[in-house]
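Coordinate analysis (summary)
The residues making up each chain are set out below.
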Amino acid sequence: MSALPKIRPGPPRRIALFGAGTVGRALLERLAGLDEPRLRLCWLANSRRRVGSPDGIAPAEALARLQQGEPHDGSGWLPFAPAPGDIVVDATASEDLAAWHPRWLRQGLAVVSANKLALGGPLARAREIQQRVAAGGFYGDAATVGAGLPLLRCLRELRAGGDRIAGIAGVLSGTLAWLLDGYDGRDAFSARVREAVARGYAEPDPRVDLTGEDVRRKLLILARCAGRVLRYVARLDERGARAGLEALAADDALALGRGNDNRVAIWSCRYRERPLQIQGPGAGAGVTAAALLDDLLRCLR
Ligand SMILES: NC(=O)C1=CN([C@@H]2O[C@H](COP(=O)(O)OP(=O)(O)OC[C@H]3O[C@@H](n4cnc5c(N)ncnc54)[C@H](O)[C@@H]3O)[C@@H](O)[C@H]2O)C=CC1
Ligand SMILES: N[C@@H](CC=O)C(=O)O
């Protein structure tokens, strides 16, 4: 999220890496080939085991060391007192760890994430991350959309230059792109899905790709980065009726509701310029039962 700091001489920065699957392993390989003494891997965990050493773990030996590691409870707790400069890398798809991202930032740690659930999950969490970054924290999110393509960076630079993002369209799933590219129906689609998993394109649970959930998360991250909010909007006008996700400007009338609010704008001959607007909780037993009672009482009139 922050612009990358200029690489400058300094003491080693301790790295805690969560996740040793497709992405985590590839990162370890890159670290092993990097010869960069300022990045010192000190902690590695997968969902079952963890291993740590304040003196550092050679990335090339890290997976073997992990096999001998102690049991890991899946949490984002770190065995050392966090110090400024320490970096946590989340290469998992764990919701539990995503919930740790604001906490790590609060502790003064830098966070680098491939996990989309922190910025692409609950709004309060994404907002806290954005606020921590605005206050000087470091949050690397380049891997969350486009696997490192310069998408989020490009949006931020456009906005920093005063531009206003009016729309974004994209093919955002590598898995779906690969599954559909050239598929002629001769092979079982399930075999193709298995191959996408084997190639390391798919999410840990490939249903997240197949249902479009992964794309939804990415769209949410992009929308938040573009200063827009996603709403599922129903529209009825002379062109017909339609309903679907829309990325609205944050000050759009339909974007202003909170929680489970419904928010409806009505244009009419009378309300031509500015629509009549009605807003309030649009679901829940209390309001619904009250509406039923209203109608019952109306029957008595
Ligand atoms: N595969 C890809 O091309 C890309 C993946 N990503 C993201 O990277 C993340 C990882 O993806 P993959 O490596 O493909 O998944 P994977 O399933 O191969 O690896 C996930 C790793 O996380 C570990 N893990 C799960 N919960 C954990 C916890 N609570 N604590 C510690 N470790 C835990 C698992 O044991 C495993 O080692 C996902 O969030 C994915 O969306 C992002 C961009 C591209
Ligand atoms: N499963 C994802 C991986 C990158 O985010 C995809 O297929 O795009």
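In this report, the structure presented in the accompanying data block is examined. (Residues numbered from 1 in each chain as written. Chains lettered and ligands numbered in written order. Predicted model: local features only at pLDDT ≥ 70, side-chain atom pairs only at ≥ 80, totals over all residues. Heavy atoms only, no water.)

1. Concerning the pairing of strand β6 (residues 110-113)
Keep this limit in mind: Two strands form a pair only when DSSP identifies at least two bridges running between them. Put simply, DSSP H or I for four residues or longer makes a helix, DSSP E for two residues or longer makes a strand, and each gets a number counted from the N terminus. By convention a crossover is right-handed if, when the strands point away from the viewer, the path from the first strand over the helix to the second runs clockwise.
Summarising the sheet, strand β5 (residues 87-90) and β6 pair through four bridges and their orientation is parallel. Considered in β6, the bridge of Asp90 is made with Ser113. Bridge count for β6 against strand β7 (residues 139-140) is two bridges, and the pairing is parallel. Of the residues in β7, the one forming a bridge with Val111 is Tyr139. With respect to chirality, the unit in which β6 leads through helix α5 (residues 123-134) into the neighbouring parallel β7 is right-handed.

2. Some words on the side chain of Arg14
Rules: We define a polar contact as two N or O atoms separated by no more than 3.5 Å, with the added condition that, inside protein, one atom must be a possible hydrogen donor and the other a possible acceptor, whereas residues neighbouring each other in sequence contribute only through side-chain atom pairs. The criterion used for residue contact is that any of the two residues' heavy atoms lie within 4.5 Å.
Mapped onto the fold, Arg14 is located in strand β1 (residues 13-18). Within the local environment of Arg14, its side chain forms a polar contact with the backbone oxygen of Ala81, the two atoms lying 3.2 Å apart. A polar atom in the side chain of Arg14 sits 2.7 Å from the side chain of Asp86. Not counting residues up to four positions away in its chain, the partners in contact with Arg14 are Arg40, Cys42, Phe80, Ala81, Ala83, Gly85, Asp86 and Ile87.

3. A word on the site of ligand 1
Selection rule: Here a residue counts as near a molecule or strand whenever at least one of its heavy atoms sits within 4 Å of it. In short, Shrake-Rupley with a 1.4 Å probe defines the accessible areas, and a residue's cover is counted only from the protein chains shown. Domains are outlined according to an automatic or database domain assignment.
Near ligand 1 lie 24 residues; those nearest to it are Val23, Gly74, Thr92, Lys116 and Glu203. In the environment of ligand 1, an oxygen atom lies 2.8 Å from a nitrogen or oxygen atom belonging to the backbone of Val23. Computed on the free molecule, ligand 1 has an accessible area of 840 Å², of which 82% lies beneath the protein chains in the complex. Taken domain by domain, the makeup of the shell around ligand 1 includes at least three residues from each of domain 1 (13-144) and domain 2 (174-211).

4. A few points about the site of ligand 2
For clarity, the cut-off: When residues are sorted by character, Ala, Val, Leu, Ile, Met, Phe, Trp, Tyr, Cys and Pro go into the nonpolar class, Asp, Glu, Lys and Arg into the charged class, and all the rest, Gly among them, into the polar class.
The immediate surroundings of ligand 2 are formed by Lys116, Leu172, Ser173, Gly174, Thr175, Tyr201, Ala202, Glu203, Asp209, Asp214 and Lys218. A distance of 2.8 Å is found between a nitrogen atom of ligand 2 and a backbone nitrogen or oxygen belonging to Tyr201. Residue Asp209 places a side-chain N or O atom 2.7 Å away from a nitrogen atom belonging to ligand 2. Coverage of ligand 2 by the protein chains reaches 86% of its 250 Å² of free accessible surface. Residue composition of the shell around ligand 2, grouped by class: three nonpolar, three polar and five charged.

5. Points about the packing of aromatic side chains
Two aromatic rings are characterised by how far apart their centres lie and by the angle between their planes. Where we set the bar: Only the six-membered ring of Trp is used, alongside the rings of Phe and Tyr, when aromatic pairs are assigned; centres must lie within 6.5 Å, and planes under 30 degrees apart are stacked while those over 60 apart are edge-to-face, with the rest tilted. Per-residue accessibility, obtained with a 1.4 Å probe over protein chains only, is compared with the maximum for each type, and a residue is labelled buried under 20%, exposed over 50%, and partly exposed between these values. As a reminder, the over-ring test applies to NZ of lysine and CZ of arginine, requiring each to be within 6 Å of the ring centre and within 35 degrees of the ring normal.
The full count for this structure, using the stated rule, is five aromatic pairs. Seen in terms of ring centroids, Phe18 and Trp43 are 6.3 Å apart; in terms of plane orientation they differ by 65 degrees. Their pairing is edge-to-face. In this pair, Phe18 sits in strand β1 while Trp43 sits in strand β2 (residues 39-45), placing the two residues 25 residues apart along the sequence. Residue Phe18 is classed as buried on the basis of its relative accessible area, which comes to 2%. A ring pair is formed by Trp178 and Tyr201, whose centres lie 5.9 Å apart and whose planes are at 65 degrees; its orientation type is edge-to-face. On the criterion of sequence distance, the pair formed by Trp178 in helix α7 (residues 174-180) and Tyr201 in the loop between α8 (189-198) and α9 (207-210) is long-range, its members being 23 residues apart. Relative accessible area serves as the criterion here: at 36%, Tyr201 is assigned to the partly exposed category. Directly above the ring of Trp100 sits Arg103, whose terminal nitrogen or CZ lies 3.9 Å from the centroid. The aromatic ring of Trp178 is capped on one face by Arg192, whose charged end is 4.5 Å from the ring centroid.

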